[in-house]
Amino acid sequence: MLIDRRTLLKSWQALAATVAGLSAIPAGLFFAFGAKAKATGSSSDEWIDLGIVQDIAEGPWKALRLRRDIQDRWKKTVVEESVYLRRQGDRFEAVSGICTHTGCLVQRAPSGFACPCHKSDFDEEGKPTSGPAPRPLDRMETKVEGGRLMLRFVKFRPGLSSSEPMAS
Amino acid sequence: MDATPKSAPAGFPAWLETLRGAAALCAFVFAGLLVGSGIGLAMGYVPSQAEAFASVLYLRQQGGIGAILRALHYHLSSGIVVAAFVMVVAGVLTEYHRDRKWEFRLGVVVLLLMIGFCFTGYVLPMDQTAYWGTSVRLGIVETVPVVGGMQADMLRGGPVFGAATLPRFYALHVAALPLVLVIVILLGYRPALERAANLGGERMIAACGLIAIASFVIAANFKAPLEPQAAPADTEYVPRPEWYFLWLFQFGKYVHGFQWVESALLPAVGVGTLMLLPELRTAFKQRALAVSFALVFMFGLGALALYEDRELPAKPQYEEGLVLKAARDYRVECASCHGLQGRGDGPDIAKLDAKPKDFTSPRFWDEDTMTMMVEIITEGELPDMPAFGKRLTPEEILAIANHIEANFRPKSATTAR
């Protein structure tokens, strides 16, 4: 049987495209669904001990570097998180140090907080005053238990206009 | 140069065709060298969060062919983005986009693939810029309407950057994207490759050789940068994108509350316009105007971004970073007991059982002091000195010992040196 060159080329191309298309199925399946196991410790019910209440000084926001031990799939690891804590009398407040714009870490500034990435500014209450940040810095729950201050650590998705926790 | 004289009356300068040909040739050579250097690097690189940085640092410190391949891969990754960009722009300006519709459209796809290669390759060394640049980019992906959060989760392998993340980026970078690229070239560029082959083999091969030699010379003389290891809680680090994304970065500063304009609308409009262009009847003057506008927009915003960053300190490389980190580690970890001046008089000494060492005392220093300090910082010492061996790398600990020696050792105590 004679096949001209053009037809041969077409069939060769069709075959290559089919094989390539098939390869996308298993790869895509793993990409979408594979190994998306939880990193335990990043669940939203994690309370972190911040220490004895009496030891926490009153005053404006203080930067905390939380070290969390987590089981990240096959390995135990320590991750560091940036959180700001403020004590006014018996009132404790905690905000996430992660900028709500694209997820950089904010720094303390004279007027409150500032993100060095895209120049978002936040006031002392964490509300955005200028720049592209779409929402205030995310608040985290605190409670006093047995004389110790506990923080419920949560991470939130950047870029959205409302606080949406990253459920794991 | 090829198959275009028939549309010459369209009024574009002839050198644009030459420019497109030259960019294509460069892209071709760069692609080959990128594949080759990539295979070499893959033999020396471990895509694991714990070891990625150490393996890249090893290549850097060993020098020789590993360091040259890394520099080659680094510089050519910029080079091929530029080449692909020039090809698309020249294709818009000449009649190429209409004469070879599908080739032109595939060229746009190739440019996007190149950006995909950069996005996935950028994180692999796991230095500061790799980690922070990628988190910002994933933050931007998050804002793509509807699918953004899901996409970011798939790229990370979960909601947070973790153990599953690097293997995913690595697999995309070295397997998935190359496969797609090869398919695009095989299926779409066969006629173009045949045209190129007809242009005259010997001169072409000579030109390829020259471009390759020039690439190697550049790689041998300009090292690839490597910043300190990624520190995900370092609030002092100010991330910045690669130079060719500066314009988008600057644009992002002005988009208040409508992140998807930057992450989805602008790219979609750009790509959509290019894809539709072959169907539109445009005159050269119109296209030249549109291209000029786009270039001024991009380079203008990029220049503005650089201008606004003019006071930002230069990013320290790994070696300088070690010195800076040692100074900071000393301030944060050591000074509370040993004192900012190293005199053993820090604010916390009342809580201690033994008096901390005074680094300014001549008696502290003899020929074994450095070895001893490294050991004690690593292992700790009773009753009060904590061990840092689990939190700091041996190099970081050595840098702290060096910091202490450089700053506090009295000049007179130069015994046995």
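Look up a bit, the structure's there.
No experiment lies behind these values; they were computed from the predicted model shown. (Residues numbered from 1 in each chain as written. Chains lettered and ligands numbered in written order. Predicted model: local features only at pLDDT ≥ 70, side-chain atom pairs only at ≥ 80, totals over all residues.)

On to the packing of helix H6 (residues 128–142) of chain B against helix H7 (residues 148–156) of chain B. Residue and element names in this part refer to chain B. Where H6 meets H7, the axes come as close as 7 Å, and the angle between the chain directions of the two elements is 145°. For the pair H6 and H7, contact is made by Leu-138, Val-141 and Glu-142 and by Gly-148, Gly-149, Gln-151, Ala-152, Leu-155 and Arg-156, respectively. The residue inventory of the contact of H6 with H7, partitioned by class, reads four nonpolar, three polar and two charged. (Axes fitted to C-alpha atoms, helices over the stretch in contact; angles between N-to-C directions. Helix = DSSP H or I, 4+ residues; strand = E, 2+ residues; numbered from the N terminus. Contact = placed C-beta atoms within 7 Å. Nonpolar A, V, L, I, M, F, W, Y, C, P; charged D, E, K, R; others polar.)

Here the focus is the sheet that holds strand S12 (residues 148–153) of chain A. Residues and elements named next belong to chain A. The sheet built from three strands is open, its strands ordered S2-S12-S11 with antiparallel pairing. The sheet is open, and its two borders are formed by strand S2 (46–52) and strand S11 (142–145), each paired with just one other strand. Each strand of the sheet is rotated relative to its neighbour by a mean of 30°, with strand direction disregarded. Pairing between S2 and S12: six bridges, direction antiparallel. For Glu-46, the partnering residue across the bridge sits in S12 and is Phe-153. (Pairing = 2+ DSSP bridges.)

With that settled, the discussion passes to H7 of chain B. Residue and element names in this part refer to chain B. Buried within H7 we find Gly-148, Ala-152, Asp-153, Leu-155 and Arg-156. The arc that holds the buried residues of H7, viewed along the axis, is 165°, so those residues lie on one side. Directly beyond the C-terminal end of H7, a positive phi value near 75° is found at Gly-157. (Buried ≥ 20, exposed ≤ 12 C-beta atoms within 10 Å, placed from the backbone. Arc of directions from axis to C-beta.)

On to the packing of helix H1 (residues 15–44) of chain B against helix H10 (residues 201–221) of chain B. Residue and element names in this part refer to chain B. The N-to-C vectors of H1 and H10 enclose an angle of 55°; their axes lie 10 Å apart at closest approach. One finds that H1 runs oblique with respect to H10. Considering how the two elements wind past one another, H1 and H10 form a crossing that is right-handed. Contact residues: Leu-25, Cys-26, Val-29 and Leu-33 in H1; Ala-207, Cys-208, Ile-211, Ala-212 and Ser-215 in H10. Its residues placed into classes, the contact of H1 with H10 shows eight nonpolar, one polar and no charged. (Parallel < 35°, antiparallel > 145°, perpendicular 65-115°, else oblique. Left-handed = near helix turned anticlockwise from the far one by under 90°.)

Another point: the interface of chain B and chain A. One frequent convention defines the size of an interface as the accessible area lost when the parts assemble. Facing the 31 residues of chain B at the interface are 43 residues of chain A. Secondary structure elements with two or more residues in the side of chain B that touches chain A: H6, H7, helix H8 (165–188) and helix H11 (246–254) of chain B. Across the side of chain B that touches chain A, the residue classes tally to 17 nonpolar, twelve polar and two charged.

With that out of the way, let us pick up the nonpolar core. All names here are of chain B. Ala-27, Phe-30, Ile-80 and Ala-84 are the most contacted members of the largest nonpolar core, which totals 91 residues. By residue number, the principal contributor to this core is helix H3 (residues 64–93), which donates 15 residues. Among all residues touching Ala-84, those that are not within four sequence positions of it are Ala-27, Val-110, Leu-111 and Met-114. Formed by six residues, the second largest nonpolar core is a distinct cluster that contains Phe-245, Trp-247, Phe-251 and Ala-305. (Core = buried A, V, L, I, M, F, W, Y, C linked by C-beta atoms within 7 Å.)

This brings us to the environment of Leu-106 of chain B. All names here are of chain B. With respect to the helices, strands and loops of the structure, Leu-106 is situated in helix H5 (residues 101–122). Given 18 C-beta atoms within 10 Å, Leu-106 falls into the partly exposed group. Spatially, the C-alpha atoms of Leu-106 and Leu-57 are 37 Å apart, while their sequence positions differ by 49 residues. Leu-106 has contacts with Val-184, Gly-188 and Tyr-189, leaving out every residue within four places of it along the chain.

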